[in-house]
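Remarks on the overall topology
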Amino acid sequence: MLEFVSVKYKNVIEVDYLYIPKQRVTALTGNSGSGKTTLLKMMNKMISPCRGRILFEKTDLNEIDSVVHRRNVIMLSQSPIIFEGSIRDNLTIGLDFQKIGVPPDDYLYSVMKKVKLEKELDLSSSILSGGERQRLALARIMLLDPQVYLLDEPSSALDDDTGQIILGMFINHIRDNDKTMIMVTHSKEIAKNYSDYILEVDQGKIGNGSNNG
Amino acid sequence: MDDTVISLGILQVALAYVFVVILLIIIRARGIKREKEILVSSVRMTLQLILVGFLLVYIFDNPNPLITIGIIALMITFSLFTVIKKFKGQISKPLKLVIVFAMSTGSVLCLFYFLLIVIQVSPWYDPRYFIPIAGMIIGNSMTGLTLGAKSLIEGMTEQRAFVEEALILGATPKAASKKIINNSFDSAILPTINSMLGMGIVFLPGMMTGQILSGTSPLTAIAYQIAIMLGILGSVSLTVILMLQLGYKTFFNRQGQLIQN
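Residues numbered from 1 in each chain as written. Chains lettered and ligands numbered in written order. Predicted model: local features only at pLDDT ≥ 70, side-chain atom pairs only at ≥ 80, totals over all residues. Heavy atoms only, no water.

Scanning chain B for helices and strands turns up 10 helices and zero strands. Written out in order from the N terminus, the α and β elements of chain B read α-α-α-α-α-α-α-α-α-α. Oriented by its inertia axes, the alpha-carbon framework of chain B measures out at about 70 × 55 × 35 Å. Relative to its 261 residues, chain B shows a buried fraction of 35%. Within chain B, residue pairs in contact and separated by at least 24 positions form 74% of the contacts whose partners lie at least 6 positions apart. A total of about 15,500 Å² of accessible surface is found on chain B, and carbon and sulfur atoms cover 69% of it. (Helix = DSSP H or I, 4+ residues; strand = E, 2+ residues; numbered from the N terminus. Buried < 20%, exposed > 50% of the residue type's maximum accessible area, 1.4 Å probe, protein only. Contact = heavy atoms within 4.5 Å. Areas by Shrake-Rupley, 256 points an atom, 1.4 Å probe, with all protein chains shown as cover.)

Encoded structure:
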């Protein structure tokens, strides 16, 4: 589905060849500073490589409209930004950006329940804790229902038990709906427990991939 | 109404310098070291205005379309230098070009509309109307552009993370910058709106005061003042909107990505 061919981004990362399969969960592991986040940002075209080609469904990313691509391939950043306003505003802001109609409250509450965020929609988002903000951001991208999810260190704010349950739920959601997921994590345990493929990134280079389980 | 205007002679103007002398005595007594600045600015103001006075007398006596256009071009160029100088080092070349375009197009369009359609000056280049009105329109647009560009640059820098998150969520660059664009428009237009709200109650505007002092009926003076205020509002809005609508794009590349600093 996603293919990197002789890609180089500044002095951060260099990839000879990389293939991310469709409808699978792929984990990119490695120490911090190894270039994992840069890889993710190239996948949803927030940045473009200085050299080489990235293909999405066999089409060069340079030929795909960035906004269209980002709506297909959505990223959850490591510390997602929560905008001013209520929980509802934050939950539906992506829908507004993409000009998608807002579903009824029942549905919004059901998505919030999935990420274990049981709060009133009209509460101010400023009262949320760090972990709750991360979950709100996760619910926000779930509502957008993209083809591909990119998760940058989902474990960092979901490290506790609730976090593990949510991650498990999310992965099930991916598998049940035939979505593709690429997650960056420094935790070998999370990579092992939840992904189909593991790719190791080390000092800007990608090692051999391995099938998991 | 007595229409005789009291003409000020050199001696009378010199008497006004008594204010400066009193001020100098006071600050010297209090030990504030500002004598030089006060003296220099008073003398400079006097000399500059005398020069402009003679220049205007010449231009009014010899109306010429080329001279009028030349003066407008000079005013715009000077105002552009003032705006761009304010952002030394923090403004990109494309944004500079956008400011030049917005200022030249926006203020010139409004100026011509105001003079030729609202006031219906004849001949069209009559410097007696053209120059003072151009000064007011260009000056106010310059202030608006400076405030708008400042707010745009600050917004795109300080709220970069928000813009980035919006892009990640599938926003177009325009939608991602919408809040910053709207805030910048507000800060650019607010001084003009505030001055309109206070006008006639809190203060009497300079142009109107000038016309009344020179013997024009207050009713004619207010008609001019109302028209020029609307003209200024139009020109400030147009130049700022042009600058913002084109300016936000300079922070993105062709791939809709935020340009790295």
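Residue and element names in this part refer to chain A. As enumerated under the stated definition, the model contains 14 salt bridges over all chains in all. The partner of Asp-122 in a salt bridge is Arg-88, and the shortest N-O contact between them spans 3.1 Å. With Asp-122 in the loop between helix 4 (105-114) and helix 5 (130-144) and Arg-88 in helix 3 (residues 87-97), this residue pair connects regions lying 34 residues apart in the sequence. The class for Asp-122 is exposed, based on a relative accessible area of 56%. (Salt bridge = Lys/Arg side-chain N within 4 Å of Asp/Glu carboxyl O.)

Now for the domain arrangement of chain B. Residues and elements named next belong to chain B. Along its sequence, chain B is organised into domain 1 (1-62) and domain 2 (65-251). On the domain 2 side, the residues contacting the seven residues of domain 1 number nine residues. Summing both partners gives a buried area of about 660 Å² for domain 1 against domain 2, and 80% of it is carried by carbon and sulfur. The interface formed by domain 1 and domain 2 includes zero salt bridges. At the junction of domain 1 and domain 2, the tally comes to zero residue pairs in polar contact (both at pLDDT 80 or more). (Domains from an automatic or database assignment. Buried area = accessible area lost by both parts, 1.4 Å probe. Polar contact = N/O pair within 3.5 Å; in protein donor to acceptor, adjacent residues only side chain to side chain.)

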